[in-house]
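Fold and contact review
Letter by letter, the chains look like this.
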Amino acid sequence: MSTLSRLHIIVIAVLGLAMSMTRCFGWGGDGHRMIGAIAQSQLNEQAAEAVKGLLGDETLAEACCWADKIRGEKEYAWVSPLHYINAPRDAKTVDLDRDGLDGQQIVSSIGKYREILKDSEKPKEERILALRLLAHFVGDIHQPLHVSYKDDKGGNMLTVTHLGTRSSMHSVWDSGFIKQHCKKMELSWETMGAALRETITPDEQRRWSQSLDPVEWANESLVLTISIYAKLPEPPKVKGADDFTESDAQHWMPTVADRLQTAGVRLGAVLNDALGSSK
Ligand code: ADE
Ligand code: ZN
Ligand code: ZN
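Quantities reported herein were computed from a predicted structural model and do not represent experimental measurements. (Residues numbered from 1 in each chain as written. Chains lettered and ligands numbered in written order. Predicted model: local features only at pLDDT ≥ 70, side-chain atom pairs only at ≥ 80, totals over all residues. Heavy atoms only, no water.)

**Regarding the pairing of strand β4 (residues 165-168)**
- Two elements, strand β3 (residues 159-162) and β4, share 4 bridges in a ladder whose sense is antiparallel. Its bridge partner lying in β4, Thr161 is registered against Arg166.
- Connecting β3 to the next strand, β4, in antiparallel fashion are 2 residues, including Leu163 with a positive phi near 50 degrees. (Pairing = 2+ DSSP bridges. Helix = DSSP H or I, 4+ residues; strand = E, 2+ residues; numbered from the N terminus.)

Shown next, in the form of structure tokens:
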């Protein structure tokens, strides 16, 4: 084998590995951390104490990322299908009888892990796992493309160019818009998270925590997914130009911000409900 072809194989292997590692399962780490930080600020004293008792030194922001950290570990392969739910292309709402996959999707998982977290009779280890998964899935269900379509794996198979690099439409939504915004405004996840937290109005706070039914949250995401697919980027007019332009980012960033805030408020409300009264 010539040195060149060996080099080719190595390059292809490394690229393949990098691509498989970037296959996305949720908001990027920063999105999940912002959601965790917003939720933490919503907790009543009792829920905050219970979260601390379960997580110890791990912050809620970090716990929100755990389900992505263990992805790829064989022991946790069963978690992979729980990050999302898919519906038919013509559906306007999710239907658990049709889309439910015997509970192996995000909507039922949120219900399941909420119940485990609520149950103080359950072993601590089981409740820690439940808290980490719940904290992550409440975030994911607010990422519109986690309530999406099977045929392109929630936009994972749809390759686009964003900020000069090839990525998937899914990953633009998981992290691309957030990275672009943070870079432009010179924000860290902490400062962006604080800005999101500080701009939640009392009316939004009340509205968002009114329904704690994950079917409703999924339906909100599906409405957004429908509009995202209706406004898919045009093929670039200039060779090499981004499919997602600055104006796309400006169009969608308020939606991204709204979904992060909503997820944070609802995660706080769910944790107050599960852990906030003496049990
Ligand atoms: N794989 C298949 N469908 C998916 C979705 N909606 N989100 C993330 N990963 C997926
Ligand atoms: Zn995820
Ligand atoms: Zn994702």
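**Regarding the site of ligand 1**
- Taken together, the neighbourhood of ligand 1 is formed by 9 residues, with Tyr84, Asn86, Leu145, Asn156 and His170 sitting nearest.
- Within the contact set of ligand 1, a nitrogen atom lies 2.9 Å away from a side-chain nitrogen or oxygen of Asn86.
- Leu145 places a polar main-chain atom, nitrogen or oxygen, 3.0 Å from a nitrogen atom of ligand 1.
- Here ligand 1 loses 97% of its free accessible area of 260 Å² to cover by the protein chains.
- Across the shell around ligand 1, the residue classes break down as 2 nonpolar, 5 polar and 2 charged. (Near = heavy atom within 4 Å. Polar contact = N/O pair within 3.5 Å; in protein donor to acceptor, adjacent residues only side chain to side chain. Areas by Shrake-Rupley, 256 points an atom, 1.4 Å probe, with all protein chains shown as cover. Nonpolar A, V, L, I, M, F, W, Y, C, P; charged D, E, K, R; others polar.)

**So, helix α12 (residues 214-230)**
- End to end, α12 covers 24 Å across 17 residues, agreeing with the expected 24 Å (1.5 Å per residue, within 8%).
- Along its buried surface, α12 packs onto α7 (106-118), α8 (124-140), β2 (147-148), α9 (169-185) and α13 (246-275).
- Structurally, the start of α12 carries an N-cap: the backbone nitrogen of Val215 is 3.0 Å from a side-chain oxygen of Asp213. (Expected span 1.5 Å × (residues − 1). Contact = heavy atoms within 4.5 Å.)

**Overview of the packing of aromatic side chains**
- Overall, the coordinates contain 6 aromatic pairs when judged by the stated rule.
- On the basis of an interplanar angle of 80 degrees and a centroid distance of 5.2 Å, the ring pair of Trp66 and Tyr76 is categorised as edge-to-face. Here Trp66 is found in helix α5 (residues 66-69), whereas its partner Tyr76 is found in the loop between α5 and β1 (85-86), with 10 residues between them in sequence. Across this residue pair, the class does not change: Trp66 and Tyr76 are buried.
- Ring pairing ties together the aromatic residues Trp173, Phe177, Phe244 and Trp252, which thus form one cluster. (Phe/Tyr/Trp six-rings, centres within 6.5 Å; stacked < 30°, edge-to-face > 60°. Buried < 20%, exposed > 50% of the residue type's maximum accessible area, 1.4 Å probe, protein only.)

**Some details on the packing of helix α2 (residues 29-42) against helix α10 (residues 189-198)**
- Between α2 and α10, the shortest axis-to-axis distance is 9 Å and the interhelical angle comes to 45 degrees. Our classification of the angle between α2 and α10 gives oblique. At the point where α2 passes α10, the crossing takes the right-handed sense. Touching Asp30, Arg33, Met34, Ala37, Ile38 and Ser41 of α2 are Trp189, Met192, Gly193, Leu196 and Arg197, all from α10. (Axes fitted to C-alpha atoms, helices over the stretch in contact; angles between N-to-C directions. Parallel < 35°, antiparallel > 145°, perpendicular 65-115°, else oblique. Left-handed = near helix turned anticlockwise from the far one by under 90°.)

**Quick notes on the environment of Val79**
- Mapping Val79 onto the fold places it in the loop between α5 and β1.
- For Val79, a relative accessible area of 1% translates into the label buried.
- Once the C-alpha coordinates of Val79 and Asp152 are considered, the two residues, 73 residues apart in sequence, prove to be 20 Å apart.
- The residues contacting Val79, other than those within four sequence positions of it, are Ile70, Leu133 and Phe137.

**Here we look at the packing of α12 against α13**
- For the pair α12 and α13, interaxial distance at closest approach is 12 Å and the crossing angle is 170 degrees. Classified by the interaxial angle, the pair formed by α12 and α13 is roughly antiparallel. Every residue of α13 that contacts α12 at Trp217, Glu220, Ser221, Leu224, Ser227 and Ile228 is listed here: Trp252, Thr255, Arg259, Arg266 and Val270.
- Here the residues of the contact of α12 with α13 are counted per class, giving 5 nonpolar, 3 polar and 3 charged.

**Digging into the pattern of salt bridges**
- This model, assessed by the stated rule, comprises 18 salt bridges.
- For Lys69, the salt bridge goes to Glu62, with nearest N and O atoms at 3.1 Å.
- On the accessibility criterion, Glu62 (26% relative accessible area) is partly exposed.
- Glu220 is paired through a salt bridge with Arg259; the nearest N and O atoms lie 2.8 Å apart. One end of the pair, Glu220, is in helix α12; the other, Arg259, is in helix α13, and 39 residues separate them in sequence.
- Judged by its relative accessible area of 4%, Arg259 is buried. (Salt bridge = Lys/Arg side-chain N within 4 Å of Asp/Glu carboxyl O.)

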